[in-house]
Amino acid sequence: MDSYPKGPKLYRALLYAYPAEFRHEYGSEMEDAFAGRLAAEPAARVWMAAALDVFIAAPREHFAILKSDLRVGVRVFAKSPVTTFVALLSMALGIGAATAVFSLVYAVLLRAFPYGDVSRIAYVWTPNPKFTGAPRELGPSVPDFAAWRKEQRSFTELAGFNEGHFRVKSGNSVSNYDGAWVTGNFFQTLRANAELGRTIVPDDDQPGHDLVAVISDAMWHADFGGAPDVLGKTIAHSKQTFVIIGVMPHEFSYPHSSDFPPTILNVERADLWMPFGWAEKRMTERGENFDSLTAFGRLRPGVTIRQAQAEFAAMEARLDPLYPELFRGWRVFVQSFADAAAGEVRLLMWLLLGAVAIVLLIACSNVAGLLTAQAAARVHEMGVRAALGAARGRLVRQVLTESLMLAVAGGALGTALAMGAMRLVVRLNPGNIPRLAEISLDGHVLAFMLAATLLTGIVFGLAPALVASRVDLMELLKSGGRGLAGGQRLRGSLVTTQVALAVVLLSSAGLLLRSYWNVQRVEKGFSLSTITGLIALDLGNDRYATAPKQDAFRHAVLQRVRAIPGVEAAGAVTGAPLSHSESLGFLEVDGYPNSKDQVTDGRRATDGYFEAMGIRVLSGRALAPADRNVVVISKGFADRYFAGRQAVGGKVRLSHNEGAPWFTVIGVVDDVRHSNLEDVPRPVVYQPMGQGIELRLDVAIRATLPPGQVAAALRQIVRDIDPELSVAQFLTMAERVDEASARRRFQAVMLTVFAGIAVFLPLVGLYGLMAYAVKQRTAEIGIRMTLGASRRRVIAMVLRQGIGWVAGGIAVGLAGALASARVAASFLYGITPADPLTFAAVPLFLLIVAMMASLIPAWNAARINPVDALRSE
Amino acid sequence: MRYTDFMAELSPQVLHILLSLAESDQHGYAIMQDVAARTNGQLRLSPGTLYGSIKRMLDDGLIAELRARPLERRRRYRLTALGRQALKSEIARMSDMVRQARAYGLVPKRA
């Protein structure tokens, strides 16, 4: 028993599972003991026992250390509650903001769509450069689509749909549903299966076949009480009867507007799908009027978007000459599903991610500064532990445990904050960010939060851990154990960094706020108090199919609206401003060098419309009830086509036909921001309504009554005249402006909140650092005062130090802010990226608040009693 | 931690280590062999468990480390007064239990 066999190497390696401290203390004896057992017992059993031993005992030793570190940590935090509170707040704000933004970005950009592998789905659009102002996302004509489908090779299947607005009779109830007319392979292409019954298949999409319909889970429950015998029942739409063949699962509501760029689709969610059933003629004739649809497909394996683009462009080049000469010019634009759904907001998401990353960085460096201060104050404690033999690694571990404690507590608080913030974000929803309303704290977001928490805990813990553990015993003894100035330089540079980051965020927020303000202030051309409501006349039946019938209906409505006491003016138009409805027409202006396929925006309006909408008549007169063959033009129209001559009395022709009649210009009205608030209005021609069939009627009312009352009255009037009609989109123009600027408001508010956090945190850090620096310099200040320095000079001296840290940050930050503003130039409106006001106000503001944060420590410094200060030395 | 805090919770390992040291001062490996011998090999302390227990017993003041003599690789441990007291009251508690159990006829008669 007196010979000590050495343990095998493998066992020594196993010992590394134990904490270093334990290993150093007992490692060699454990090796001996193991070797002893190995000599006396069967090897397999000893190894088994050893493995089990390590598995149980090593975690126990680690846990024991963790427990004691946690105990120390709690004591440390309890001893400096203010620092702890500020650090927790920083962490909570940083992690909370990051989590909220990540959940947003995740919902908008990353979450999977329920349509199979969406990375293979692409849309095929046919933009036409001739239509200025029209989006790229213009659906192809039905004949082109039919031709593509025959020869294309890029997609395994090519499907299409058109939005449909259905007024459905089922049983005794009548309800409105949005949905789509679809091709037979629509569901197959989306890899969507019915929850009950079957989906539409190619055979259903033949003319003359039974009329069938697939309904949504929501419609199934609303109209049929979720009864299983719904299959085979019928619904009626525009005097036709459709047999229900299937019910889609709850999560399927494609197509809906939020999967597309704004204004492309006017469907909140789809609840009803019916096959097109095109007749052969519709699929071949390319006249002046043709149907179009939204086309999408699933790319064949290995085929890229670019290859599909090339193939379709080549096909379209052959189809284009089949159109009448004036209707040619079609191009092809193949777009991935994700780009269509998020293309526009992707940049905004990156902006928000960038902003929140800055906030998180600031929070981290702020906490690092606070902990470094704490660590410097604990040099004594660390020194004693080091003197008692604690290894440096052990001290680092202690401090890291503390910072992780802080991070975890901060992360928990941050999650609570994020939940609140997400509710706010949803409320701020500008309405045109796809799937924003779906953000939630799901597993992915929580995983992100956890990773962010741990990472930040380690990142901000490392600096103070190294400061704390770099104990120089000799130095400590020389300083009398009072603690060292160590870390002050580090903290100074941390404050400088934070200020620099804050400048970037604050300038960005300033630029966005200025842009938002500019958009708000823009001359809109209409009155904000006007109330609008939309009556859809597209009933698919013949009730409003002739001009006289429509005239009678319109007159009846307007007459009764004008009779309401308190209504000052009322009129109707095809497409109120900011209602996402545009129409283009051919244009020829007498006495102007017209180009052959010249087009203009056109609207038709009734008498009273300009007055009701608050659009000023600049010269001539507004439309009158009996007007025919006249037009009113916008100022922009007059400026372009009647430059240097009298517009009123001029003649225009709204057709490319030689025989078409000329219309006389009777008036010029102010420009109106029709399509959005930010673009310069395009020229518009207003024709008197009543010379054709309208699919929609936008009623505009100017009244001294509250909007709700007007809305109720209009609803009642329409119901009295035709119970089958309803009024939608009841909005004041102020609400439409609100809606149109919601994205800007969203951006500006988000960035402003982040900037607020970004300014607040460095100030707290600065204050703490200044207070600490003054304490460190107590003796020096005492000597200076004894030697005759005035209080004012002491204050100035302290302030100078604080401003020095801040000024450096401002200088660096301004450079960064200018660079990032240039990157984000597309977010700006009415200002340059180097907006002088913003870039003057931001540094000034930061200097002032930094000065304020430094004043209290400076004031304390000035009140130092020189005698006391020197005595305490 | 004071002795009374863990009065009721001496684990079998701790109890056996205390018992081992009651006889004489020992080093870790000897404790391990002693415990194995005394329990007929029923309880074999593995190194991690053994030194983990020793560490905690040192922290709790149940045992003390004898400064190693020069040239000796192993540290020896001795029962402290507190350790002896803890062992005694644990044994007392156990014999009390055995006495009660005997009254119910639960303890096998000596062979």
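Quick caveat: nothing in here was measured; it's all calculated off a predicted structure.

Student: Before we go on, may I ask you to explain the overall build of chain A in this structure?
Tutor: When helices and strands are counted, chain A shows 24 helices and 22 strands. For a compact globule of 873 residues, the expected C-alpha radius of gyration is about 29 Å, and chain A comes in at 37 Å, more than 25% above that figure. Summarising its shape, the C-alpha atoms of chain A cover approximately 115 × 85 × 50 Å along the three principal directions. Residues counted as buried form 52% of the 873 residues belonging to chain A. Long-range pairs, those at least 24 residues apart, make up 80% of the contacts in chain A with a sequence separation of at least 6.

Student: Looking at this model, I keep getting lost on the overall build of chain B. Mind explaining?
Tutor: Looking only at helices and strands, one finds four helices and three strands in chain B. Scanning chain B from its N terminus toward the C terminus, one meets helices and strands in the order α-β-α-α-β-β-α. Burial statistics for chain B: of 111 residues in total, 41% are counted as buried. Nonlocal contacts in chain B, meaning residues at least 24 apart in sequence, comprise 48% of its contacts between residues at least 6 apart. Summing over all exposed atoms, chain B offers an accessible surface of approximately 6,800 Å²; the carbon and sulfur share of this is 54%.

Student: How should the pairing of strand β2 (residues 155-170) of chain A be read in this particular structure?
Tutor: Where a strand is regular, its side chains alternate between the two sheet faces. Residue and element names in this part refer to chain A. Sheet topology note: the β2/strand β9 (residues 294-299) ladder contains six bridges and is antiparallel. Within β9, the residue paired with Glu 157 across the bridge is Arg 298. Of the pairings in the sheet, the one linking β2 to strand β3 (residues 173-182) comprises ten bridges and is antiparallel in character. Bridging from a neighbouring strand, His 165 pairs with Asp 178 of β3. Sheet topology note: the β2/strand β6 (residues 234-237) ladder contains two bridges and is antiparallel.

Student: Looking at this structure, I do not really get the interface of chain B and chain A. What am I missing?
Tutor: It is common to give the size of an interface as the accessible area that goes away when the parts come together. Between chain B and chain A, the residue contacts involve 20 residues of the former and 23 residues of the latter. Linking chain B with chain A are four salt bridges, by the criterion used here. Within the residue set of the side of chain B that touches chain A, elements represented by two or more residues are α2 (28-38) and α3 (47-60) of chain B. With nine residues, α3 of chain B is the single largest residue contributor to the side of chain B that touches chain A. Looking at the side of chain B that touches chain A, its residues break down into eight nonpolar, five polar and seven charged.

Student: When you look at the confidence of the model for chain B in this model, what are you seeing that I'm missing?
Tutor: When pLDDT drops low, the exact placement of atoms in the prediction is not to be read closely. All names here are of chain B. With 84% of its residues at a pLDDT of 70 or more, chain B shows a mean pLDDT of 83. Predicted confidence for residues 1-6 stays below pLDDT 50, and this span has eight contacts to residues more than four positions away or in other chains. Note on the complex model: pTM 0.74, ipTM 0.82.

Student: Whenever I open this one, the packing of α2 of chain B against α3 of chain B confuses me. Can you help?
Tutor: Two numbers describe a pair of packed helices, the interaxial angle and the distance between the axes. Residue and element names in this part refer to chain B. Interhelical geometry of α2 versus α3 gives an angle of 115° and a closest axis separation of 11 Å. In this view, α2 runs roughly perpendicular relative to α3, as classed from their interaxial angle. In the crossing of α2 with α3, the sense of the turn from one axis to the other is right-handed. From α2, Gly 28, Tyr 29, Ile 31 and Met 32 reach across to α3, where they touch Leu 50, Tyr 51 and Ile 54. The residue makeup of the contact of α2 with α3, split by class, is six nonpolar, one polar and no charged.

Student: So what exactly am I meant to see when it comes to the pattern of salt bridges here?
Tutor: One side chain can pair with another of opposite charge once the charged atoms of both are near each other. According to the stated counting rule, one finds 37 salt bridges over all chains in the structure shown. Put simply, Arg 75 of chain B and Glu 29 of chain A hold a salt bridge, and the shortest N to O gap is 3.1 Å. With Arg 75 of chain B in the loop between β2 (63-66) and β3 (76-79) and Glu 29 of chain A in helix α2 (residues 20-40), this pair bridges two chains. On the basis of relative accessibility, which here comes to 2%, the residue Glu 29 of chain A falls in the buried class. Put simply, Asp 698 of chain A and Arg 696 of chain A hold a salt bridge, and the shortest N to O gap is 3.0 Å. The network of salt bridges with shared partners includes Glu 25 and Glu 29 of chain A together with Glu 65 and Arg 75 of chain B.

Student: Is there a simple way to explain the side chain of Glu 402 of chain A in this structure?
Tutor: Residues and elements named next belong to chain A. One can find Glu 402 in helix α11 (residues 392-428). With a relative accessible area of 4%, Glu 402 lands in the buried category. With sequence-adjacent residues up to four places away left out, Glu 402 is seen in contact with Val 72, Gly 73, Val 76, Phe 77 and Arg 378.

Student: Where do I start with the environment of Thr 704 of chain A in this structure?
Tutor: Residues and elements named next belong to chain A. In this fold, Thr 704 is placed in the loop between β21 (696-703) and α18 (707-721). Exposure remark for Thr 704: the relative accessible area of 58% places this residue in the exposed category. Separated by 391 residues in sequence, Thr 704 and Ala 313 place their C-alpha atoms 55 Å apart. Apart from residues lying up to four places away in sequence, Thr 704 is in contact with Gly 566 and Glu 568.

Calculation rules
Residues numbered from 1 in each chain as written. Chains lettered and ligands numbered in written order. Predicted model: local features only at pLDDT ≥ 70, side-chain atom pairs only at ≥ 80, totals over all residues. Heavy atoms only, no water. Helix = DSSP H or I, 4+ residues; strand = E, 2+ residues; numbered from the N terminus. Rg over C-alpha atoms; globule rule 2.2 N^0.38 Å. Buried < 20%, exposed > 50% of the residue type's maximum accessible area, 1.4 Å probe, protein only. Contact = heavy atoms within 4.5 Å. Areas by Shrake-Rupley, 256 points an atom, 1.4 Å probe, with all protein chains shown as cover. Pairing = 2+ DSSP bridges. Salt bridge = Lys/Arg side-chain N within 4 Å of Asp/Glu carboxyl O. Nonpolar A, V, L, I, M, F, W, Y, C, P; charged D, E, K, R; others polar. pLDDT = per-residue confidence, 0-100. Axes fitted to C-alpha atoms, helices over the stretch in contact; angles between N-to-C directions. Parallel < 35°, antiparallel > 145°, perpendicular 65-115°, else oblique. Left-handed = near helix turned anticlockwise from the far one by under 90°.

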